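So the chains spell out like this:
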Amino acid sequence: MGVPKIKPQKMKHNLAALLCLAGAIPFSQTYSQRTSGDAVDLDEVQLRGDEDQSSDFFLEPSFNSKLLASWDQLPRSLEIVTAEQFEEFGATNLQETLNYTTGVFSGPFGLDTRVDSFRIRGITPEQYQDGFKANYGFYNQARTEIYAVESVEVIKGPASALYGQGALGGIINTNLKRPKSVVSREIDIQVGSHDRYQLGIDLTGPANEDASLFYRLVAMTRESDTEVDYVSDDAVMVMPSITWQPGERTRFTFLAKYQENDTGSTLQFIPDIDGAPGSYQ
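Rules used in this analysis
- Residues numbered from 1 in each chain as written.
- Predicted model: local features only at pLDDT ≥ 70, side-chain atom pairs only at ≥ 80, totals over all residues.
- Heavy atoms only, no water.
- Helix = DSSP H or I, 4+ residues; strand = E, 2+ residues; numbered from the N terminus.
- Buried < 20%, exposed > 50% of the residue type's maximum accessible area, 1.4 Å probe, protein only.
- Contact = heavy atoms within 4.5 Å.
- Areas by Shrake-Rupley, 256 points an atom, 1.4 Å probe, with all protein chains shown as cover.
- Pairing = 2+ DSSP bridges.
- Core = buried A, V, L, I, M, F, W, Y, C linked by side-chain atoms within 4.5 Å.
- Phe/Tyr/Trp six-rings, centres within 6.5 Å; stacked < 30°, edge-to-face > 60°.
- Lys NZ or Arg CZ within 6 Å of the ring centre and 35° of its normal.
- Polar contact = N/O pair within 3.5 Å; in protein donor to acceptor, adjacent residues only side chain to side chain.
- Salt bridge = Lys/Arg side-chain N within 4 Å of Asp/Glu carboxyl O.

Topic: the overall build of the protein chain
And then number 1: A count of helices and strands for the protein chain gives 3 helices and 13 strands.
And then number 2: The 281 residues of the protein chain split such that 32% are buried.
And then number 3: Counting contacts in the protein chain only where the partners sit at least 6 residues apart, residues at least 24 apart contribute 53% of the total.
And then number 4: For the protein chain, the accessible surface area stands at approximately 18800 Å², while carbon and sulfur atoms represent 56% of it.

What follows is the structure in C-alpha cells.
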C-alpha cells in the first residue's frame, strides 16, 4: 500500500495556518489577563433631545384631512406640501405642486387645462378638498386654483377607513386657506411665459377686539395663453371666509368660493372625417 504524496504548496498553506492559530491563542489570553484588572466603571450618561417642531418635517396634518394624530404618530405614509414650498419651485397648477413628492407621478398627460392628473404608486388617486370628495367623473369640474390652497396632503396607500370610497394607491387632499388670528396682507403679481399675467390678494386677521372673529379674503385674476395656440388659461377666483371661535375648543368657519375658468383643451385630438375640428371617435 503506497503512502500518499503531499504537494509542497498545500503543505506550506497548512503550516502557515497552524502557525497563525498558535500565535493567536497566547496573545488573546495575555490581552484578557492584562485588561481584566484595569477595568474602569464610567459614570452614567443620559442623552435627551427635543423635537424641532419648527421644521417642515414635523408639519401637523390639517383637521380637515381626518387625521387626528401628530405626523410622527400616524400609522401610514403621509407627505404635506405647504404653499410656501410649492411657491418656491414655481408651481402654477395643482399637479405641479407634487412634482417633488415621493411615490407620486405628477402630470402623466403633460400640460392639460381640463384636469389635474396624478398617479400614486402607479394608481390613479381620489382627490379631496377640505376632506370632501372633489372630483366626480373626469372632466366636469373646475381645476383647483393653487393660490387658494394652504397645503396639499398626500396619503399613500388605502384610506377607505377615513374617506369611504378610495383608491388603493392613496388620495390627495387639498386644504383651502382659512382665516388667521395674525394680521397679514399680501399682493401677488406674476408674469410668465405665454403672456401670463396674474394678480392676487390675500388679506386676513382678527375682526373684533377680543379676537374671537377672524376674516380672510383671497382673490385672484389671470389672463394667460398656453403653449398651444388659441387655447387660453384665463381665470377669476374670489374666496371670502370668516371664523368664529366662541371657546378654546369650538370654532365655526364659513367659507364661500366663486371661480370661473375660460380655457380649452391643450390635448389636441386628430379629427375624424365627418367630425368637427378637435373631435374624435
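We are not done yet, so read on.
Thoughts on the sheet that holds strand β4 (residues 126–129)
And then number 1: Sheet architecture is open: 5 strands sit in the order β1-β6-β7-β4-β5, paired in mixed fashion. Single-partner strands in this sheet number two, and they are β1 (77–82) and β5 (132–133).
And then number 2: Bridge count for β4 against strand β7 (residues 170–176) is 4 bridges, and the pairing is parallel. Residue pairing in the sheet places Gln127 in a bridge with Ile172 of β7.

Details of the nonpolar core
And then number 1: Phe86, Leu98, Val152 and Met237 are the most contacted members of the largest nonpolar core, which has 22 residues in total.
And then number 2: Those elements giving two or more residues to this core turn out to be α2 (83–88), β3 (118–120), β6 (149–156), β7, β10 (213–223) and β11 (233–247).
And then number 3: Look past the residues within four positions of Phe86 in its chain and what remains in contact with it is Val81, Ala91, Thr97, Ile146, Val149 and Val152.
And then number 4: One finds Leu67, Ala159, Tyr163 and Ile171 within the second-largest nonpolar core, a separate group that totals 8 residues.

Notes on the pairing of β6
Working note: regular strand, side chains alternate between the two faces of the sheet.
And then number 1: Most of β6 is tucked away, with 7 of its 8 residues classed as buried.
And then number 2: The pairing of β1 with β6 spans 6 bridges and is classified as antiparallel. Residue pairing for β6: Glu79 is matched across the bridge by Val154.
And then number 3: In this structure, β6 lies alongside β7, joined through 7 bridges in antiparallel fashion. Within β7, the residue paired with Ser151 across the bridge is Asn175.

Quick look at the packing of aromatic side chains
And then number 1: Summed over the entire model, instances satisfying the criterion amount to 2 aromatic pairs.
And then number 2: Above the ring of Tyr147, the side-chain terminus of Lys177 is found at 4.3 Å from the ring centroid.

A short note on the side chain of Lys156
And then number 1: When you line up the elements, Lys156 lands in strand β6.
And then number 2: In this structure the side chain of Lys156 is engaged in a polar contact, spanning 2.7 Å, whose partner is the side chain of Glu79.
And then number 3: In contact with Lys156, not counting residues within four places along its chain, are Arg76, Ser77, Glu79, Thr102, Gly103, Ile120, Arg121, Gly169 and Gly170.

Digging into the pairing of strand β8 (residues 184–192)
And then number 1: The sheet contact formed by β8 and strand β9 (residues 196–206) spans 9 bridges and is antiparallel. In the strand pairing of β9, Ile187 is matched with Ile201.
And then number 2: Taken together, β8 and the strand that follows it, β9, pair antiparallel across an intervening segment of 3 residues, in which His194 is found at a positive phi of about 60°.

Topic: unusual backbone geometry
And then number 1: We note that Asp130 has phi near 55°; this positive angle belongs to a residue other than glycine.
And then number 2: Among the structural elements, Asp130 can be located in the loop between β4 and β5.
And then number 3: Among the residues examined, Asp130 registers a relative accessible area of 12% and is labelled buried.

Comments concerning the pattern of salt bridges
And then number 1: All chains considered together, the criterion is met by 11 salt bridges.
And then number 2: One salt bridge connects Arg178 with Asp130, and the closest N-O pair in it is separated by 3.1 Å. With Arg178 in the loop between β7 and β8 and Asp130 in the loop between β4 and β5, this residue pair connects regions lying 48 residues apart in the sequence.
And then number 3: Judged by relative accessible area, Arg178 falls into the partly exposed class, the value being 23%.
And then number 4: One salt bridge connects Lys177 with Asp202, and the closest N-O pair in it is separated by 3.3 Å. Linking Lys177 in the loop between β7 and β8 with Asp202 in strand β9, this pair joins segments that are 25 residues apart in sequence.
And then number 5: One salt-bridge network, in which partners are shared between bridges, spans Glu150, Lys177, Lys180, Asp202 and Arg216.

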